[in-house]
Amino acid sequence: MKTKIVIMEENNIKQNIIEEAGIVIACGGLVVFPTETVYGLGCNALDALAVEKIFKAKGRPQDNPLIVHVADFNIEPLVKEIPNIAKRVMDKYWPGPITLIFNKSELIPMTTSANLDTVGIRMPSNLIARKLIEAAGTPIAAPSANISGRPSPTEVESCIEDLSGKIEYIIGGDKSEVGLESTIVDCTCTPLCILRPGAITLEMLREIDEGIYIDKTIMSKPKNDFKPKAPGMKYRHYAPKAPVKIICGDLEKTIAKINEIVQNSMGKKKIGIMATDETKNKYPCGTVISLGSRKHLDTVGRNLFEVLRSFDAIDVDLILSEAFEEKGIGVAIMNRLKKSAGFDIIYV
Ligand code: AMP
Ligand code: MG
């Protein structure tokens, strides 16, 4: 299939392209588009056949539900009920990087929700995304625009690499502002529960309700019989080709440990080091890439997936990563990092 690729900026939207891509979606086709979290691969969320094409194009496991993207606060037709507390979250953080889980209405096909009775809904803040949803005239189901298992794309080049030739349309925009997938909050229980950490942090949600908490299975290694509430959490995710190992603890000890591992494997392995601006000059050997400054963890989050992908491009045998404090956006960064490492962590 020939994929049409058009690049535009969020503050200079080509409306004729948006209309054309909207028709592709309305007719059951697939379109990649930018959002503030990561790039999405979208289709008509209410069309089970179109949704099946997404699973096929990504190689996505059938039991991993898709998030439904809307451009309008009127989501009543898509859900059974909207608890008052969820309305308050929507009022405060929509449009933005947060997905809410509701009991779904009959309008949402079982293929979209992967046979669950619930559905995740999000209103993105990215204007290209919202204009596309409006042009399609239907909610858009969109997982991240990567081949399943690979790091999520935050730049259009990564989407082209993974999906060109498999889908109808790619709309490119700027690099994703957040760079990490949305926070997911289960609104079918009281108090609300965070199923996936993201840029809307626990601290921010507790401004609405102090009882909101993070599902405790999220940050630790899943057990064999693990049945997570957010099905995607059980898969190896965000994984570059080379194995990732996290070194966690005091920063000076971390640097020493990384240097020791590199020294011990000298000549035998090509090692990539995920460092930060503060530490990048302290590694004499290995291929060092900085995620950004520790003083700006939002930048670290924004760069994480593309740095993981860039190690693929230079073919390293092992990636060693520094760790980050699990506070604020650091919770989301460590969640993605631990999953990309398959929870292989050395504590120092
Ligand atoms: P992605 O769009 O690739 O970031 O994946 C969406 C993720 O959202 C899935 O992997 C699930 O973990 C989660 N999700 C989507 N819908 C639901 C739902 N109805 N209930 C729980 N988790 C969901
Ligand atoms: Mg994904």
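Residues numbered from 1 in each chain as written. Chains lettered and ligands numbered in written order. Predicted model: local features only at pLDDT ≥ 70, side-chain atom pairs only at ≥ 80, totals over all residues. Heavy atoms only, no water.

Right, let's talk about the overall build of the protein chain for a bit. Helix and strand counts for the protein chain stand at nine helices and 16 strands. Relative to the globule expectation of 20 Å for 348 residues, the C-alpha radius of gyration of the protein chain, 20 Å, shows essentially globular dimensions. With respect to the three principal axes, the spread of C-alpha positions in the protein chain is 60 × 50 × 40 Å. Across the 348 residues that make up the protein chain, the buried fraction comes to 57%. In the form shown here, the protein chain has an accessible surface area of approximately 14,700 Å², with 51% of it arising from carbon and sulfur atoms. Taking the average location of the 44 positive side-chain charges in the protein chain and that of its 44 negative ones, the two points are 5 Å from each other. (Helix = DSSP H or I, 4+ residues; strand = E, 2+ residues; numbered from the N terminus. Rg over C-alpha atoms; globule rule 2.2 N^0.38 Å. Buried < 20%, exposed > 50% of the residue type's maximum accessible area, 1.4 Å probe, protein only. Areas by Shrake-Rupley, 256 points an atom, 1.4 Å probe, with all protein chains shown as cover. Lys, Arg positive; Asp, Glu negative; His and termini not counted. Charge placed at Lys NZ, Arg CZ, Asp CG, Glu CD.)

With that settled, the discussion passes to the layout of surface pockets. Looking at the second largest pocket, its volume works out to about 190 Å³. Lining the second largest pocket are 14 residues; nearest its centre among them are Val70, Ala71, Asp72, Asn74 and Pro139. Within the lining of the second largest pocket, the residues separate by chemical class into nine nonpolar, three polar and two charged. (1 Å grid on protein atoms, 1.4 Å probe; cavity = no way out; pocket = protein on both sides within 12 Å on 5 of 7 lines; lining within 4 Å. Points joined across faces, edges and corners; volume = space filled by probe spheres on them. Nonpolar A, V, L, I, M, F, W, Y, C, P; charged D, E, K, R; others polar.)

Mapped onto the present numbering, the UniProt feature "domain: YrdC-like" (unreviewed entry) falls on residues 15-200. Taken end to end, residues 15-200 has its terminal C-alpha atoms 30 Å apart, with 27% of it in helix and 19% in strand. (UniProt positions renumbered as here; feature names shortened; annotations may be inferred.)

Counting buried residues along strand β6 (residues 118-122), four of its five residues qualify, which places the element largely inside the surrounding structure. With three bridges joining them, strand β4 (residues 67-69) and β6 adopt parallel strand pairing. By the bridge assignment for β6, Val68 is matched with Ile121. With four bridges connecting them, strand β5 (residues 98-103) and β6 associate as antiparallel partners. Opposite Asn103, over in β6, you have Thr118 as the bridge partner. (Pairing = 2+ DSSP bridges.)

Before going further, it helps to examine the sheet that holds strand β2 (residues 31-33). Strand order in the open sheet made by the 11 strands is β1-β8-β2-β3-β7-β4-β6-β5-β9-β10-β11, with mixed pairing throughout. A single partner strand is all that each edge strand has here, and the edge strands are β1 (4-7) and β11 (213-214). Relative to β11, strand β10 (residues 193-196) runs parallel, the two being bridged by two bridges. Each residue of the ladder has a partner; that of Ile194, found in β11, is Ile214. In this fold helix α1 (residues 15-26) packs onto β1, β2, β3 (40-44), β7 (140-141) and β8 (169-172), with an angle of close to 140° to the strand it touches most, β8. Of the strands in this sheet, β1, β2, β3 and β8 are in contact with helix α5 (residues 156-163), which crosses β8 at around 165°. (Contact = heavy atoms within 4.5 Å. Axes fitted to C-alpha atoms, helices over the stretch in contact; angles between N-to-C directions.)

Bringing helix α9 (residues 330-340) into the picture now. Where burial is concerned, most of α9 is hidden: 11 out of the 11 residues are buried. What α9 keeps buried is the set Gly330, Val331, Ala332, Ile333, Met334, Asn335, Arg336, Leu337, Lys338, Lys339 and Ser340. Count one or two residues on from α9 and you reach Gly342, which has phi positive near 55°.

Turning to the pairing of β8, a few remarks are in order. Where burial is concerned, the two faces of β8 agree: the one with Tyr169 and Ile171 and the one with Ile170 and Gly172 are both buried. Bridging between β1 and β8 involves four bridges; their strand directions are parallel. Pairing of Lys4 across the sheet is with Tyr169, part of β8. In the sheet, β2 pairs with β8 via two bridges, with the strands oriented parallel. The residue bridging Val31 from the neighbouring strand is Tyr169, located in β8.

As a further point, take the side chain of Ser158. Of note, Ser158 is situated in helix α5. A polar side-chain atom of Ser158 sits 2.9 Å from a polar atom in the side chain of Glu306. (Polar contact = N/O pair within 3.5 Å; in protein donor to acceptor, adjacent residues only side chain to side chain.)

When the UniProt feature table is mapped onto this chain numbering, "binding site: ATP" (unreviewed entry) sits at Arg60, Asn64, Thr118, Ser144, Ser152, Arg196 and Tyr238. Their sequence span is 179 residues, while the largest C-alpha to C-alpha distance among them is 24.7 Å; these annotated residues do not converge on one region. Tracing the sequence through the fold places Asn64 in the loop between α2 (48-58) and β4. Overall, the relative accessible area of 7% leaves Asn64 in the buried class. In this fold, Arg196 is placed in strand β10. Within the local environment of Arg196, its side chain forms a polar contact with the backbone oxygen of Ser182, the two atoms lying 2.9 Å apart.

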